[in-house]
Amino acid sequence: MQAPKASLRAWRPGPFLLIQLALHVAALVLLLSAPQEWRWAAAAVLLSQLMLMVAGLWPRSTCLGANLVRLPTAAMQRAEVAITIDDGPDPEVTPQVLAILAQHGVSATFFCIGERAAAQPELCKSMLAAGHRIENHGARHPTLLSLSGPAGWRREILEGQQILHRITGQPPRFYRAVAGLRNPFLDPVLHELGLQLASWTRRGFDTQEQNPDKVLQRLTHQLAAGDILLLHDGNAARTPAGEALIVSVLPRLLEAIRARGLTPVTLSQACDPP
Ligand SMILES: [Zn+2]
């Protein structure tokens, strides 16, 4: 399978990245014109690197490029929310999640890991058949991906894209970064591959938290139209009784969403309504 066609519009850095570029250029000019002032040049570079690091460690920041952290205004006006489920598919947990979603007649967006999807192609197909969407969470989900250069990002995302496209017959349109962590090299790669970065409005930390009440509280506190909620079917933490957190929380979360008059939709439905 070939790489997707490059976007027609050239990638351009946003204001935050232009400021960082200016700081680096100013430091270089200072170093060349007045080497004795090297401390100021070093301080400028250090400050810039620090700002880039903070932006990359903040999953909901939009400094490093476009980042969907909330549904578009039109979806908000339709009282829509999006349930997004990461790190699957998981042969044990995902079927339980699909059963709960089916009971409530709800569609969700699954950010699948390519190699896990490749091990469970039939499960992926059953997700699509039930009206859910599968989006790109990379090929292997390496923990230190956010330290990669352009080639590392491109390889991980493109391989994930190709695996998921091959299994589902649909090219994913959204990408979600591992733990939401990024660096400035990600945005040009997403632009080239025609993918949109999607983060979240609220998350329950359901890969670490063992108490389902706390996860539910984090997801429903100030829950409102336009929210993108993050849960996990892969790497899910377990309750003391051994149940995956998402399985314990999801029925009550769906009730809370319904009680507030909100409608769960997929990210695609919210961003491109029919
Ligand atoms: Zn993940």
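This is a predicted model, so every value here is computed, not measured.

Remarks on the environment of L28
By secondary structure assignment, the location of L28 is in helix α1 (residues 15-33). Distance from L28 to W38, taken between C-alpha atoms, is 9.3 Å for residues ten residues apart in sequence.

Some remarks on the domain arrangement of the protein chain
Assigned domains of the protein chain: these are domain 1 (15-57) and domain 2 (73-271). Measuring from the centre of the C-alpha atoms in domain 1 to the corresponding centre in domain 2 gives 37 Å. On the side of domain 2, five residues touch domain 1, which itself brings four residues to the contact. Sort the elements by how many residues they give to the side of domain 1 that touches domain 2 and helix α2 (residues 38-57) lands first, with three residues. Partitioning the side of domain 1 that touches domain 2 into residue classes produces three nonpolar, one polar and no charged.

Describing the pairing of strand β7 (residues 228-232)
Of all five residues in β7, five are buried; the element is thus mostly enclosed. Of the two faces of β7, the one holding I228, L230 and H232 and the one holding L229 and L231 are both buried throughout. Relative to β7, strand β1 (residues 80-86) is paired through five bridges, and the arrangement is parallel. Of the residues in β7, the one forming a bridge with T84 is L230. Across two bridges, the pairing between strand β6 (residues 202-203) and β7 is parallel. When the sheet's bridge partners are listed, R203 is paired in β7 with L230. A crossover links β6 with its parallel partner β7, the connecting element being helix α9 (residues 212-220), and its sense is right-handed.

What counts, and where the lines are drawn
Residues numbered from 1 in each chain as written. Predicted model: local features only at pLDDT ≥ 70, side-chain atom pairs only at ≥ 80, totals over all residues. Helix = DSSP H or I, 4+ residues; strand = E, 2+ residues; numbered from the N terminus. Domains from an automatic or database assignment. Contact = placed C-beta atoms within 7 Å. Nonpolar A, V, L, I, M, F, W, Y, C, P; charged D, E, K, R; others polar. Buried ≥ 20, exposed ≤ 12 C-beta atoms within 10 Å, placed from the backbone. Pairing = 2+ DSSP bridges. Right-handed = clockwise from strand over helix to strand, strands pointing away.

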